[in-house]
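# Chain and residue survey
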Amino acid sequence: MEPLVSTDWLAGELGKPDLVVFDATKYLPTESQDGMAEFLKGHIPGARFFDIDVVADQDTDLPHMVPTPGRFAKLMAEMGVSNASRVVFYDQKGLASAARGWWLMGLFGHDEAAVLDGGLPKWKAEGRPVEDGPAAAPAPGKFRPDFRATRLRGIGDMLRDVASGAALILDARANGRFTAAVPEPRAGMRSGHMPGAASLPYTELLKPDQTLRPPAELRARFATAGADGSRPVVTSCGSGVTAAILTLGLRRAGLPEGALYDGSWTEWGGRPDTPIEEG
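Attention here is on the structure that accompanies the text. (Residues numbered from 1 in each chain as written. Predicted model: local features only at pLDDT ≥ 70, side-chain atom pairs only at ≥ 80, totals over all residues. Heavy atoms only, no water.)

## Quick notes on the overall build of the chain
Helices and strands together make up the secondary structure of the chain, namely 10 helices and 10 strands. Here the C-alpha radius of gyration of the chain, 18 Å, is about what a compact globule of 279 residues would show, namely 19 Å. Seen through its principal axes, the chain has C-alpha atoms that stretch 50 × 40 × 35 Å. By the burial criterion, 51% of the 279 residues in the chain qualify as buried. Sequence-distant contacts, at least 24 apart, represent 79% of the contacts inside the chain between residues at least 6 apart. In the form shown here, the chain has an accessible surface area of approximately 11700 Å², with 52% of it arising from carbon and sulfur atoms. Across the chain, 30 positive and 36 negative side-chain charges occur, with their mean positions spaced 2 Å apart. (Helix = DSSP H or I, 4+ residues; strand = E, 2+ residues; numbered from the N terminus. Rg over C-alpha atoms; globule rule 2.2 N^0.38 Å. Buried < 20%, exposed > 50% of the residue type's maximum accessible area, 1.4 Å probe, protein only. Contact = heavy atoms within 4.5 Å. Areas by Shrake-Rupley, 256 points an atom, 1.4 Å probe, with all protein chains shown as cover. Lys, Arg positive; Asp, Glu negative; His and termini not counted. Charge placed at Lys NZ, Arg CZ, Asp CG, Glu CD.)

What follows is the structure, given as structure tokens:
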């Protein structure tokens, strides 16, 4: 399954028994909307809500960290996902948080997963149907996870990578946050970036309609940031959500997708013992 699917493709596949569609919307702390509330107002027919704060480690104070394989398998089964399922993620902004769901599926060994290019805004702009209210309860699935540890980075890994320069760290946050010209949206968070990191705001990978740029344009943007396939790459962002857009872009560009730093800036910038650069 290709990692990115079109609205035309989804319209043709909608309703097939092996297809599971998830709204994986996550709003920032500075935004007033609530993903579930907006889902109830209107969603793609048959879609279910994928709450990244629930499909997460519940025993940490960091937001939506990767759950254990056992928890992920249990939740996927409860949401009707089996190893034979094809899973498509979208979000209410276009392409902001859906890639996190796609990345999680791949992390736990499920490659039959994709992101809807342009998300709900494109779907609605084309006059396609939506429905409101809660999703129907799915029949339970059977999901066996195959955890791929090489796709994930923790704080210890990042401290070593920063010290050695072994990996290129791509930061998906807005450039103002990267340089510390703009404060972080989480109160009390230090500003700046990890030493040696390169700024590549995820918005640079998107066209004005919030669809992903074509492969050649993506490769050009990655090359400008230093990602040309010659060094391992680790993607990072504010809390591990939009970093997955860079990972998706790397896959789409035909480059090694590397790993994702799950704690991202919420963990790095929230600790007093991690080195930070500005500018």
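## So, the pairing of strand β7 (residues 168–171)
Note on strand geometry: in a regular strand, side chains alternate between the two faces of the sheet. Alternating residues of β7 divide into Leu 168 and Leu 170 and Ile 169 and Asp 171, and every residue in both groups is buried. As defined by bridge partners, β7 adjoins strand β9 (residues 233–236) across four bridges and the pair is classed as parallel. By the bridge assignment, Leu 170 is partnered in β9 with Thr 235. Of the pairings in the sheet, the one linking β7 to strand β8 (residues 198–199) comprises two bridges and is parallel in character. By the bridge assignment, Asp 171 is partnered in β8 with Ser 199. (Pairing = 2+ DSSP bridges.)

## Notes on the packing of helix α8 (residues 215–224) against helix α9 (residues 243–253)
Where α8 contacts α9, the axes come no closer than 8 Å and their chain directions differ by 120 degrees. Classed by the angle they form, the pair α8 and α9 counts as oblique. Pair α8 / α9 crosses with left-handed handedness. Every residue of α9 that contacts α8 at Pro 215, Leu 218, Arg 219 and Phe 222 is listed here: Leu 246, Gly 249, Leu 250, Arg 252 and Ala 253. (Axes fitted to C-alpha atoms, helices over the stretch in contact; angles between N-to-C directions. Parallel < 35°, antiparallel > 145°, perpendicular 65-115°, else oblique. Left-handed = near helix turned anticlockwise from the far one by under 90°.)

## So, unusual backbone geometry
Working note: non-glycine residues mostly have negative phi, and peptide bonds are mostly trans. Its identity as a non-glycine residue notwithstanding, Gln 210 has a phi of 70 degrees, on the positive side. The topology assignment puts Gln 210 in the loop between β8 and α8. With relative accessibility at 28%, the residue Gln 210 sits in the partly exposed group. Backbone geometry places Ser 264, a non-glycine residue, at a positive phi of 45 degrees. Of the residues examined, Ser 264 reaches a relative accessible area of 0% and is grouped as buried.

## Some words on the nonpolar core
Phe 50, Met 76, Phe 89, Leu 104, Met 105, Leu 170 and Phe 222 are the most contacted members of the largest nonpolar core, which has 52 residues in total. Those elements that provide at least two residues to this core are β2 (19–23), α3 (69–78), β4 (86–90), α4 (98–107), β5 (113–116), β7, α8 and α9. Phe 39, Ile 44, Phe 49 and Val 88 belong to the second-largest nonpolar core, a separate cluster that totals 14 residues. (Core = buried A, V, L, I, M, F, W, Y, C linked by side-chain atoms within 4.5 Å.)

## Observations concerning the pattern of salt bridges
Here the structure, examined in full by the defined rule, presents 21 salt bridges. Notably, a salt bridge pairs Glu 31 with Lys 93, separated by 2.9 Å at the nearest N-O pair. On the criterion of sequence distance, the pair formed by Glu 31 in the loop between β2 and α2 (35–41) and Lys 93 in the loop between β4 and α4 is long-range, its members being 62 residues apart. By relative accessible area, Glu 31 is classed as partly exposed at 28%. (Salt bridge = Lys/Arg side-chain N within 4 Å of Asp/Glu carboxyl O.)

## A look at the sheet that holds strand β1 (residues 4–5)
The five strands lie next to each other as β1-β5-β4-β2-β3, forming an open sheet whose pairing is parallel. Both outer strands of the open sheet, β1 and β3 (48–49), are each paired with one neighbouring strand and no more. Across two bridges, β1 lies against β5 in parallel orientation. When the sheet's bridge partners are listed, Val 5 is paired in β5 with Leu 116.

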